[in-house]
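Analysis of the macromolecular model
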Amino acid sequence: MNKITNDIYYIGVNDHEIDLFEGQYDVPNGMAYNSYIIMDEKIAVFDTVDQNFTAQWLSNIKQILADRKPDYLIVQHMEPDHSANILNFIKEYPEAKIVGNAKTFGMIANFFEGLDLADKKLEVKEGETLSLGKHELKFVFAPMVHWPEVMFTYDMNDKVLFSADAFGKFGALDVDEDWACEARRYYFGIVGKYGVQVQAVLKKAAALDIQTICPLHGPILKEDLGYYLGLYNTWSSYGVESEGIFIAYTSVYGNTKKAAELLRDKLLEKGCPKVAIADLAREDMAESVEDAFRYGKLVIATTTYNADIFPFMKHFILDLTERNYQNRTIGIIENGSWAPMAAKVVKGMFEKSKNITWTETTVSIKSAVKSENIAQIEALAEELMK
Ligand code: FEO
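Owing to the predicted nature of the structure, the values given are computational and were not obtained by experimental measurement.

Bringing helix α10 (residues 311-322) into the picture now. With 12 residues, α10 extends 16 Å between its outermost C-alpha atoms, agreeing within 8% with the 16 Å of an ideal straight helix rising 1.5 Å per residue. Every buried residue of α10 is listed here: Met313, Phe316, Ile317, Asp319 and Leu320. Down the axis of α10, the buried side of the element spans an arc of 155°, and every buried residue falls inside it. Buried residues along α10 sit against β16 (242-249), α9 (285-294), β18 (295-305), β19 (308-309) and α11 (342-349). Backbone geometry just downstream of α10 places Asn324 in the positive-phi region, at approximately 60°.

So, in structure tokens, the structure goes:
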């Protein structure tokens with residue numbers, strides 16, 4: 001039995017079968033779909049779980065309920081990793097009310113054709129409360145963190161914030177791993193575009209006395225909450241989290257790679273506290289995206305390709321610009337055997353990004369790294385270290 005407070009229990013599941021989360025993210029340590037139950041005069045269940053875990057989840061609920069029945073299913077987020085079992089819950093507990101907001105119910109109608117909630121529907125508005133007896137729940141809307149219907153729920157009695165996807169991470173709960181690494185990859189992959197909206201909900205959260213955060217993925221957070229809130233504040237304000245430089249490269253025959261590695265060595269020689277480097281064709285793209293947001297300086301090293309840039313780099317830059325990449329310094333290493341034009345293409349792709357500072361030096365290679373390029377790499381390293 002997984003007790004969080006006297007009356008709040010964990011009833012979620014671990015998924016080690018999943019290959020790609022949300023159809024695109026590699027999750028080597030699986031995924032957790034969290035779900036919670038508050039046992040009071042009235043009983044509330046928070047969110048369902050992925051479609052592959054119906055029986056396990058219903059059994060988890062039963063174990064806690066003993067011979068009682070839930071009064072409410074609170075739907076904080078309609079993405080199917082949390083909402084897939086709404087209909088199964090209703091079949092099991094037809095007397096329970098389904099709690100959501102106007103947008104939630106619109107989405108329920110979209111996902112579950114013909115499901116008539118009529119007398120089961122309890123529609124709440126921002127800031128409204130629901131009393132379970134001892135536990136008074138307050139609904140805090142969190143639109144676009146990560147879908148428009150998302151709401152957090154604050155338990156005023158136990159000072160617990162149920163935070164939907166926010167403060168979640170990749171990885172199942174039976175695997176011990178660092179929080180920040182997989183929470184950052186999750187955040188920038190999934191919510192990164194919506195920094196403004198995350199900032200708005202962090203402001204609402206700042207007005208609450210929070211002792212525990214219960215997200216829909218990842219561990220329950222009980223200690224040192226300032227650390228997690230601080231990282232969310234940095235990430236959502238597109239601030240720099242760590243001192244250092246990230247070099248992202250693509251290379252067809254190893255020449256651009258050589259230049260990228262020479263730059264890394266130069267930077268380390270000059271005392272750069274951290275140089276992260278990634279071959280975009282071979283390493284996890286979401287990992288590279290999080291590193292681009294983690295550090296304040298980025299170097300893009302890529303080849304001219306089909307009068308454009310190498311596909312993996314194009315994908316990477318689109319991932320950044322779609323997520324409102326901003327407030328960063330960027331340097332470029334371009335390569336092109338007869339007409340290098342990667343630098344021009346790269347700059348064009350960031351045209352709409354806010355507050356980007358380009359280094360004065362661009363390393364421009366024709367085919368292989370030559371002495372003039374070594375000098376350019378030295379100058380770029382010098383500039384980046386300023
Ligand atoms: Fe965990 Fe946005 O779903």
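Take the domain arrangement of the protein chain next. Parsing the protein chain into structural domains produces domain 1 (2-236) and domain 2 (244-385). On a C-alpha basis, the centroid separation for the pair domain 1 and domain 2 is 38 Å. The partner domain 2 presents 10 residues to the 9 residues of domain 1 that form the contact. The tally of links from domain 1 across to domain 2 stands at 2 salt bridges. The residue Asp284 makes a salt bridge to Arg185 at a minimum N-O spacing of 3.2 Å. Inspection of the domain 1/domain 2 interface yields 6 residue pairs in polar contact (both at pLDDT 80 or more). For the side of domain 1 that touches domain 2, the leading source of residues is helix α5 (residues 179-191), giving 5 residues.

Scoring rules and cut-offs
Within each chain, residues carry numbers counting from 1 in the order of the written sequence. Under the rules for a predicted model, residues below a pLDDT of 70 receive no local features and side-chain atom pairs below 80 are neither given nor counted, while totals for whole chains, interfaces and linings still include all residues. By convention in this description, side-chain values take in all heavy atoms of the structure and omit both hydrogens and water. Helix and strand definitions follow DSSP, with helices as H or I runs of at least four residues and strands as E runs of at least two, each counted in order from the N terminus. Helix span is expected to be 1.5 Å times the residue number reduced by one. Relative accessible area decides the class of each residue, using a 1.4 Å probe on protein chains only: under 20% of the type maximum gives buried, over 50% gives exposed, and in between gives partly exposed. Note that the arc is computed from the directions linking the helix axis to the C-beta atoms. By the convention used here, residues are in contact when the closest approach between their heavy atoms is within 4.5 Å. Residue ranges for the domains trace back to a domain assignment, done automatically or taken from a database. Here a salt bridge means any side-chain nitrogen of Lys or Arg lying within 4 Å of a carboxyl oxygen belonging to Asp or Glu. Two N or O atoms count as a polar contact when they lie within 3.5 Å, although within protein this holds only if one can serve as hydrogen donor and the other as acceptor, and sequence-adjacent residues are included solely when both atoms are side-chain atoms.

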